[in-house]
Amino acid sequence: MIQAKKSKNIGTFRIGGEEFDVYIAKSEKAKARGFQGFNSVPEDEGMLFVNSEPEDVWYHMQNVGMDLDLVFMDEDMKVISKKRGKANDPTPIKESGVM
C-alpha cells in the first residue's frame, strides 16, 4: 500500500509488516538515476520503481556507494524475489514479470 506523503514523489510503503518512506521513481530518467551518487540511505527509506505493466527488468549498482536490498513485486504487489545489490557492482541484477 502506498500513501501520499510530503510530495507526489514521496510515499509510505508497507511490506512484510515493515514501513518504509520511499521516493517513487516513475519516469525513465528517475529509474535510470536511482541511487547513483548516494553513499548511504536510512534503513527505513528506499526507492520504489513503478511500471505501468509487468516487465522484465535489470538494474546495476554502478556508482551506488552502498549495498542495497532489491525487492521485486508482481502486479498483485506480492514479492517475487529479494536480491542484494553490492556497492559499485556493474553486474546486472535481473528479474521477470516485475510491476
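Everything that follows concerns the structure shown earlier in this document.
Residues numbered from 1 in each chain as written. Predicted model: local features only at pLDDT ≥ 70, side-chain atom pairs only at ≥ 80, totals over all residues. Heavy atoms only, no water.

Asker: Hey, could you run me through the layout of surface pockets in this one?
Answerer: Space left empty within the atom packing is revealed by a probe, the size of a water molecule, rolled over the atoms. By volume, the largest pocket is sized at about 1,300 Å³. As for the largest pocket, its lining consists of 45 residues, and the residues nearest its centre are Met47, Leu68, Asp69, Leu70 and Val71. Every element with two or more residues in the lining of the largest pocket is listed here: strand 2 (10-15), strand 3 (18-25), helix 1 (28-33), strand 4 (45-49), strand 5 (55-59), strand 6 (68-73) and strand 7 (79-85). (1 Å grid on protein atoms, 1.4 Å probe; cavity = no way out; pocket = protein on both sides within 12 Å on 5 of 7 lines; lining within 4 Å. Points joined across faces, edges and corners; volume = space filled by probe spheres on them. Helix = DSSP H or I, 4+ residues; strand = E, 2+ residues; numbered from the N terminus.)

Asker: How do you make sense of the environment of proline 92 when you look at a structure like this?
Answerer: Examined against the element boundaries, proline 92 turns out to sit in the loop between strand 7 and strand 8 (93-98). The residues touching proline 92, leaving out its near neighbours within four places in the chain, are Trp58 and Tyr59. (Contact = heavy atoms within 4.5 Å.)

Asker: I keep staring at the pairing of strand 7 and nothing clicks. Help me out?
Answerer: In summary, the side chains of a regular strand alternate between the two faces of the sheet. Of the pairings in the sheet, the one linking strand 6 to strand 7 comprises six bridges and is antiparallel in character. Residue pairing across strands places methionine 73 opposite valine 79, the latter belonging to strand 7. (Pairing = 2+ DSSP bridges.)

Asker: Hey, could you run me through the pattern of salt bridges in this one?
Answerer: Between side chains of opposite charge, pairing is possible as soon as their charged atoms come close. Scanning the entire structure with this criterion turns up five salt bridges. For lysine 86, the salt bridge identified is with aspartate 67, shortest N-O distance 3.8 Å. Of this pair, lysine 86 sits in the loop between strand 7 and strand 8 while aspartate 67 sits in the loop between strand 5 and strand 6, and the two are 19 residues apart along the sequence. Overall, lysine 86 belongs to the partly exposed group, its relative accessible area being 44%. Of the charged contacts, one joins lysine 83 and glutamate 95 as a salt bridge, the two residues approaching to 3.4 Å between their closest N and O atoms. Of this pair, lysine 83 sits in strand 7 while glutamate 95 sits in strand 8, placing them twelve residues apart in sequence. (Salt bridge = Lys/Arg side-chain N within 4 Å of Asp/Glu carboxyl O. Buried < 20%, exposed > 50% of the residue type's maximum accessible area, 1.4 Å probe, protein only.)

Asker: When you look at the side chain of glutamate 95 in this model, what are you seeing that I'm missing?
Answerer: The exposure class assigned to glutamate 95 is buried, which follows from its relative accessible area of 16%. Within the local environment of glutamate 95, its side chain forms a polar contact with the side chain of serine 81, the two groups lying 2.5 Å apart. Glutamate 95 has contacts with Glu55, Asp56, Val57, Phe72, Ile80, Ser81 and Lys83, leaving out every residue within four places of it along the chain. (Polar contact = N/O pair within 3.5 Å; in protein donor to acceptor, adjacent residues only side chain to side chain.)

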